[in-house]
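# Results of the structural survey
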Amino acid sequence: MKKNYLGALAVTTALSPVAAMAQTEVQFWHAFTGRLGELVKAQVEEFNASQDEYVVVESHKGNYSETLNAGIAAFRAGEQPQILMVFEVGTATMMSAEGAIRPVYEVMAESGASFDPDAYIGAVKGYYTTTDGDMLSLPFNSSTPVLWVNRDAFEAAGVDPDTDLSTWEKVGDVLEQLKSGGEDCPLVTAWQSWIHLENMSAYHDVPFASQDNGFAGLDTELMLNGPAQVAHLTAMGDWAKDGKFIYTGRRNEGGANFRSGECALFTESSAGYAGIKAEAEFDFDVRPLPYWEAVTSEPQNTIIGGASLWVMEGHDPEEYKGVGEFLSFLSSSDVQSAWHQNTGYLPITAEAGDATRAAGFYDENPGTDIAVIQMTAKEPTANSKGLRLGSFDQIRGIIDEELEAVWAGEKTAQEAMDSAKERGDALLRRFESANQ
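Below or above, wherever it landed, is the structure these notes cover. Owing to the predicted nature of the structure, the values given are computational and were not obtained by experimental measurement. (Residues numbered from 1 in each chain as written. Predicted model: local features only at pLDDT ≥ 70, side-chain atom pairs only at ≥ 80, totals over all residues. Heavy atoms only, no water.)

### Topic: the sheet that holds strand β9 (residues 284-287)
Pairing between the strands of a sheet is mediated by backbone hydrogen bonds and can be parallel or antiparallel. The strand order β7-β8-β6-β9 describes an open sheet built from four strands, whose pairing is mixed. Only two strands of the sheet have a single neighbouring strand rather than two, namely β7 (187-189) and β9. Strand-to-strand twist in this sheet, taken as the mean axis angle between neighbours without regard to direction, amounts to 25°. (Pairing = 2+ DSSP bridges. Helix = DSSP H or I, 4+ residues; strand = E, 2+ residues; numbered from the N terminus. Axes fitted to C-alpha atoms, helices over the stretch in contact; angles between N-to-C directions.)

### Some thoughts on the side chain of glutamate 58
Here glutamate 58 is to be found in strand β2 (residues 54-60). The class of glutamate 58 is buried, set by a relative accessible area of 18%. Side-chain polar atoms of glutamate 58 contact the side chain of histidine 30, separated by 2.8 Å. For glutamate 58, the side chain forms a polar contact with the side chain of lysine 41, separated by 2.6 Å. (Buried < 20%, exposed > 50% of the residue type's maximum accessible area, 1.4 Å probe, protein only. Polar contact = N/O pair within 3.5 Å; in protein donor to acceptor, adjacent residues only side chain to side chain.)

### As for helix α14 (residues 317-331)
For α14, with 15 residues, the first-to-last C-alpha span of 21 Å sits near the 21 Å given by 1.5 Å per residue. Counting buried residues along α14, 11 of its 15 residues qualify, which places the element largely inside the surrounding structure. Within α14 the residues assigned to the buried category are Glu319, Tyr320, Gly322, Val323, Gly324, Phe326, Leu327, Ser328, Phe329, Leu330 and Ser331. (Expected span 1.5 Å × (residues − 1).)

### What about the pattern of salt bridges?
Inspection of the entire model under this criterion finds 22 salt bridges. As a salt-bridge pair, arginine 396 and glutamate 198 come within 2.8 Å of each other at their nearest N and O atoms. One end of the pair, arginine 396, is in helix α19 (residues 392-407); the other, glutamate 198, is in helix α9 (residues 192-203), and 198 residues separate them in sequence. Given a relative accessible area of 8%, arginine 396 falls into the buried group. Linking aspartate 285 and arginine 287 is a salt bridge whose minimum nitrogen-to-oxygen distance equals 3.6 Å. Side by side, aspartate 285 and arginine 287 carry an identical accessibility label, which is buried. Members of the salt-bridge network, linked through shared partners, are Arg151, Asp162, Asp285 and Arg287. (Salt bridge = Lys/Arg side-chain N within 4 Å of Asp/Glu carboxyl O.)

### Describing the packing of aromatic side chains
This structure, assessed with the given rule, holds 21 aromatic pairs. Ring centres 5.5 Å apart and planes at 55° place the aromatic pair phenylalanine 47 and phenylalanine 329 in the tilted group. Highlighted residues: phenylalanine 47 in helix α2 (residues 34-50) and phenylalanine 329 in helix α14, separated in sequence by 282 residues. Taken together, a centroid distance of 5.1 Å and an interplanar angle of 25° make the contact between phenylalanine 140 and tryptophan 339 stacked. Highlighted residues: phenylalanine 140 in strand β5 (residues 138-143) and tryptophan 339 in helix α15 (residues 333-343), separated in sequence by 199 residues. Both residues of the pair, phenylalanine 140 and tryptophan 339, count as buried. An aromatic cluster of at least three residues, connected via ring pairs, comprises Phe28, Phe32, Phe47, Phe140, Phe326, Phe329, Trp339 and Tyr345. Positioned over the ring face of tryptophan 29 is lysine 61, at 4.3 Å from the centre of the ring. (Phe/Tyr/Trp six-rings, centres within 6.5 Å; stacked < 30°, edge-to-face > 60°. Lys NZ or Arg CZ within 6 Å of the ring centre and 35° of its normal.)

Pasting the structure below:
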């Protein structure tokens, strides 16, 4: 869409005032439904009402994978939107899509919109920035995993809900107590690869892949079959066998089980806050993601999930000006503070985090700052900056298959991760060859 004119256009002088009312249209494709979809719609409506030069049209295109695929298909057909939401594992794919994307730093410079790359928190910005410091896409919904606690379930099982859950060793003891106390679902998880392999690796400062987890080059290999990862998955496999860890699915299927009150503990994104706060009819709180004391004396930092906004090539200069204004609006302190407080996603700018704290939100909602602290307390290392791997969506599918074999008792953790490495490395070599 190049321009959306209000009213019917006709080649008559009588209709010239209508033409003068033209607004430049900007298409924004995203992956949000439910409460998050409502909040995105509200953001778009607020931007559209704030000025009369541009109109942003938001469209839901399916889950993260489906939205990425829709964007790729649309570009090939010459029907791409101006803005496409892409989840973090699609970053390398978008970077390699020559001629398909226009870097955000270029869009913002050309549009003249307010933009300060240094305003974004480092742990978020680094994921979407080149080694030269140029921002390729705009961080939008960035989250990190935490541990959610159903306090009522703890009390029903005779377990102190304030018990220390800082390490996986202590969590293991509590899972035994919960099971003994009659709890049918002691632990459930969402996004098993992201939390229990990708973040587990970063949190313990061990590599998930070579070449700085892919940031240093395409000739990277998976290293997810190391001692720390295998030990963690072995423990989880044992918990699954004993009915202490209940597997419900690859994405966020476990969220429904936790929000309904069925499960006592839930490893999930900090962005689970929106749904849990809206639906849970029990007392809950949030804790930092546990770490293995046997691996490290203190954890490093977790890495982000979620998505960023990529600007697609092939549009008019006036449309890119509208894109710049909209992205600047989304980054503003007021918008980011409200987004963070309503969703549990991280504030992508330091100013928004400071404003949230100054407003007393963290005091009134204990634990909502845990994700921010967990991400920013330490300077990221090469192992904890994030992941930038080609074909990562497909690699995650392989990892999911192998993890399911562990939970079912069909493979040891070592066998499963050795297989995931072999299969995943084959995709990495194919991606490297196609993008040299």
